[in-house]
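# Structural description and commentary
In case you want the letters, here they are:
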Amino acid sequence: MMQMTGAQLMVRLLERQGVRTIAGIPGGAILPFYDALSGSAQIRHVLARHEQGAGFMAQGMARVSGVPQVCIASSGPGATNLVTAIADACLDSIPMVVITGQVPQAMIGTDAFQEVDIYGITVPITKHNFLVRSAQELLAVVPDAFRIAMSGRPGPVLIDVPKDVQNQLITITESELPAPAVADPAPQLDMAAIEAAAKMINAAERPVLYLGGGVVASGAASLAVQLAEQAGLPTTMTLMGLGAMPIDHRLSIGMLGMHGARYTNFVLEESDLLICVGARFDDRAIGRAAQFCPNAKIVHIDIDASELHKIKSAHVAVHANVTCALEALLPRVQAAQREHWLAHVDSLKARFPMQFPGQDDARSHYGLIHAVASALDDDAIVATDVGQHQMWVAQAYPFRRPRQWLTSGGLGTMGFGLPTAIGAALAEPARTVVCFTGDGSFKMNIQELATLAEEGLNVKIVLMNNNALGLVYQQQTLFYGKRLFASKYRAEPDFVKIAEGFGVPALDLDKADDPRAALAAALNAPGPCLIHATIDREQFVYPMVPPGAANTEMIGG
């Protein structure tokens, strides 16, 4: 028999689940848990400087590992500071278990100090959430949270634990401790739908394979590439799907959508069959839905049944784990070269290529990205914040493997990059992690430089500084009659001094005699570094589909 507190039981259950790193910030309502955590020899705690940072650190660990990761916060403002990171994980299908402290049960509903209904607040942005009423419940709740987070379409789960539950004593035997959670079985395949999908692929003359983040999440990238090669399918990827197929593969036509290449959107316009795998027809990917792939029949494979027929009606809808579906589909798809179609795709690529002006100048936006990629190999992990720099990196960085690319797709969260890069480095300490950011995004979680310095992680921050909210500035210039309002900063901080003040070494490329050599040296040195580069504010992201327009109505580029 063992007697322990609810807090000690939580730590024990997390250890049994295989959790080895947790990011968080302590506070009054979660202190019993922290006291118990201090006695763990297995779990490393990383002290974030803001709870949102802790949430994104957990996301970074989850995005590179593919398994649920954990963040911790206290009640009230600690819990509400996690909301953006939770919503971000929900929209991008990232498995995460969020544990928050709560005021004692007798005080719930009394407007007690630092009381907030985080259970109610997070209902729309979690797969499930729990308000734990007794230490005994933890035996079921903790493993259940991990099971839910990793099953089907992954996502965040919240466990809210009142302080009295953390302090409550419970007596249990070793045999009563639950086994580590495993994911639920995949839904049973509809073989008739698989057969129908194969028949459509075999009959198509101008098919396109369309890969989303679900291909990465399910570990199905190699199967997707095999399908493309077997059937001669030009393959496009969403922002979240980048890396599912190497960008320089002969069948890759790159990213589609708002900032994809012109030829990519034109190929889709001419397709007669769209095989959508693990993607949800997001508006940034497809533009005006009614005019997306107007001549194409659609095969849609997705683990989330609610996504089928939601935006675009599918001629064949397959509710399935992507891996299971592709394994069943491959033997039924005929080998095909499709030489005529692929030759036409190549002609569109030649006529409407993706343009990278200034790519030989390491001080230009595309040139800086190109120089970073040239200095690193495919083992590197690339995270971004949100804005122009994010789209430039998506367009220009040569992603060749899944889980190499970490970005905020669905929610588009500024401040995502640095803490997510820290999380990635915690999970993969042997890899170099590069965080591309803009000055606007960087300032939103700049305090995590302290965490980075404290942990000494191999994270390189490439700060593309145009002293503006670049995408806002671009849209005001293009679509609001150049009425520039609240998109340019009137003062510019010295980011090099700020980084050094936090204890992070810094390089100012503006002052480097040989920026390419200086950049390579900084990227390949161990430990953290900030690399600052001034970028021309008038450099815009092109091509661009105007908001609400069809993908074929791109401007620029």
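Residues numbered from 1 in each chain as written. Predicted model: local features only at pLDDT ≥ 70, side-chain atom pairs only at ≥ 80, totals over all residues. Heavy atoms only, no water.

### As for the packing of helix 3 (residues 51-65) against helix 18 (residues 417-427)
Two packed helices can be described by the angle between their axes and the distance between those axes. Here is the rule we go by: An axis is simply a line fitted to the C-alpha atoms; with a helix, the fit covers only the stretch in contact. Between two such axes, the angle follows the N-to-C directions and lies from 0 to 180 degrees. We count a stretch as a helix when DSSP gives it H or I for four or more residues in a row; a strand needs E for two or more, and each element gets its number in order from the N terminus. Note on angle classes: values under 35 degrees are labelled roughly parallel, values over 145 roughly antiparallel, values of 65 to 115 roughly perpendicular, and the remainder oblique. Left-handed is the label given to a crossing in which the near helix is rotated counterclockwise from the far helix by less than a right angle, and right-handed is the label when the rotation is clockwise. Contacts are residue-level and defined by heavy atoms, with any inter-residue pair within 4.5 Å sufficient. Here the term charged refers only to Asp, Glu, Lys and Arg, the term nonpolar to Ala, Val, Leu, Ile, Met, Phe, Trp, Tyr, Cys and Pro, and the term polar to all other amino acids, Gly among them.
Contact pair helix 3 / helix 18: the axes reach a minimum separation of 6 Å and the direction vectors enclose 45°. One way to sum up the angle between helix 3 and helix 18 is to call them oblique. Of the two possible hands of crossing, helix 3 and helix 18 adopt the one that is right-handed. Seen from helix 3, the contacting residues are Gly53, Phe56, Met57, Gly60, Met61, Arg63 and Val64; seen from helix 18, they are Pro419, Thr420, Ile422, Gly423, Ala424, Leu426 and Ala427. The class makeup of the residues in the contact of helix 3 with helix 18 is nine nonpolar, four polar and one charged.

### Quick look at the pattern of salt bridges
Threshold: A pair is scored as a salt bridge if a Lys or Arg side-chain nitrogen falls within 4 Å of a carboxyl oxygen belonging to Asp or Glu. Each residue is assigned to one of three classes by its accessible area relative to the maximum for its type, calculated with a 1.4 Å probe on protein chains only: buried under 20%, partly exposed between the two thresholds, exposed over 50%.
Within the structure shown, the criterion is met by 19 salt bridges. Residue Arg63 is joined to Asp92 by a salt bridge in which the shortest nitrogen-to-oxygen separation is 2.9 Å. Here the residue Arg63 occupies a position in helix 3, and Asp92 occupies one in the loop between helix 5 (83-91) and strand 5 (96-102), the gap between them amounting to 29 residues. By the burial criterion, Arg63 is buried, and Asp92 matches it. Linking Asp304 and Arg153 is a salt bridge whose minimum nitrogen-to-oxygen distance equals 2.8 Å. Of this pair, Asp304 sits in the loop between strand 13 (297-302) and strand 14 (316-319) while Arg153 sits in the loop between helix 7 (135-150) and strand 7 (156-162), and the two are 151 residues apart along the sequence. For Asp304, a relative accessible area of 18% translates into the label buried.

### Details of helix 12 (residues 262-270)
Summarising burial for helix 12: seven of the nine residues are buried, a large majority. For helix 12, the full list of buried residues reads Arg262, Tyr263, Thr264, Asn265, Phe266, Val267 and Leu268. Packed against the buried residues of helix 12 are strand 9 (207-211), strand 10 (235-237), strand 11 (252-255), strand 12 (273-277) and helix 15 (339-351).

### Details of a negative patch on the surface
To keep things clear, this is the line we draw: Candidate patch residues must exceed 30% relative accessible area and have no salt bridge, after which like charges are joined if within 9 Å and Val, Leu, Ile, Met, Phe, Trp or Tyr side chains if within 5 Å. Only the protein chains shown count as cover for residues, and the accessible areas themselves come from Shrake-Rupley with a 1.4 Å probe. Only four residue types enter the charge count: Lys and Arg as positive, Asp and Glu as negative, with His and the chain ends excluded. In this description, the location of a charge corresponds to atom NZ of lysine, CZ of arginine, CG of aspartate or CD of glutamate.
Taken together, the side chains of Glu492, Asp494, Glu500 and Asp510 define an acidic patch exposed on the protein surface. Tracing the chain through its elements places Glu500 in helix 22 (residues 495-502). Given a relative accessible area of 45%, Glu500 falls into the partly exposed group.

### A look at the pairing of strand 18 (residues 459-465)
How we decide: Two strands form a pair only when DSSP identifies at least two bridges running between them.
Extensive coverage of strand 18 is indicated by the burial of seven of its seven residues. The side-chain alternation of strand 18 yields two buried faces, one formed by Val459, Ile461, Leu463 and Asn465 and the other by Lys460, Val462 and Met464. Pairing analysis gives six bridges linking strand 17 (residues 433-438) to strand 18, with the strands arranged parallel. By the bridge assignment for strand 18, Val434 is matched with Lys460. In this structure, strand 18 lies alongside strand 20 (residues 529-534), joined through six bridges in parallel fashion. Within strand 20, the position partnered with Val462 by the bridge is Ile531.

### Brief notes about the sheet that holds strand 14
With parallel pairing, six strands are arranged side by side in an open sheet as 11-10-9-12-13-14. Looking at the sheet topology across the chains shown, the edges are occupied by strand 11 and strand 14. Pairwise comparison of adjacent strand axes, ignoring direction, gives a mean angle of 15° for this sheet. The pairing of strand 13 with strand 14 spans four bridges and is parallel. Considered in strand 14, the bridge of Ile301 is made with Val318. The strands touched by helix 12 within the sheet are strand 9, strand 10, strand 11 and strand 12, with strand 11 carrying the most contacts at an inclination of about 110°.

### Here we look at the packing of helix 20 (residues 448-455) against helix 22
Remark: helix 20 packs on helix 22, axes separated minimally by 8 Å, with the N-to-C direction vectors making an angle of 50°. Classed by the angle they form, the pair helix 20 and helix 22 counts as oblique. Two packed elements cross with a definite hand, and for helix 20 against helix 22 that hand is right-handed. Residues Leu449, Ala450 and Ala453 of helix 20 lie in contact with helix 22, whose contacting residues are Ile498, Ala499 and Phe502. A breakdown of the residues in the contact of helix 20 with helix 22 according to their chemical character gives six nonpolar, no polar and no charged.

### Description of the packing of aromatic side chains
To keep it simple, the criterion reads: Classification of ring pairs uses Phe, Tyr and Trp, with its six-membered ring standing for Trp, and accepts pairs whose centres are within 6.5 Å; under 30 degrees between planes counts as stacked, over 60 as edge-to-face, and the remaining range as tilted. Definition used: whenever NZ (Lys) or CZ (Arg) falls within 6 Å of the ring centre and also within 35 degrees of the ring normal, the charge is taken to sit over that ring.
For the structure shown, the criterion picks out 14 aromatic pairs. Pairing Phe56 with Phe416 gives two aromatic rings, centres 5.3 Å apart and planes at 70°, and the pair type is edge-to-face. With Phe56 in helix 3 and Phe416 in the loop between strand 16 (405-406) and helix 18, this pair connects stretches of sequence that are 360 residues apart. Summarising the burial analysis for this pair, Phe56 and Phe416 share the class buried. The interplanar angle of 70° and the centroid separation of 6.4 Å between the aromatic rings of Tyr397 and Phe436 together place this pair among those described as edge-to-face. Of this pair, Tyr397 sits in the loop between helix 17 (388-396) and strand 16 while Phe436 sits in strand 17, placing them 39 residues apart in sequence. Judged by relative accessible area, Tyr397 falls into the buried class, the value being 3%. For Phe436, a relative accessible area of 0% corresponds to the buried category. Cluster of aromatic residues (ring-pair linked, three or more members): Tyr397, Phe399, Trp405 and Phe436. Just above the ring of Tyr489 sits the side chain of Lys443; from NZ or CZ to the centre is 3.5 Å. The cationic tip of Arg537 hangs over the ring face of Tyr473; the distance from NZ or CZ to the ring centre is 5.9 Å.

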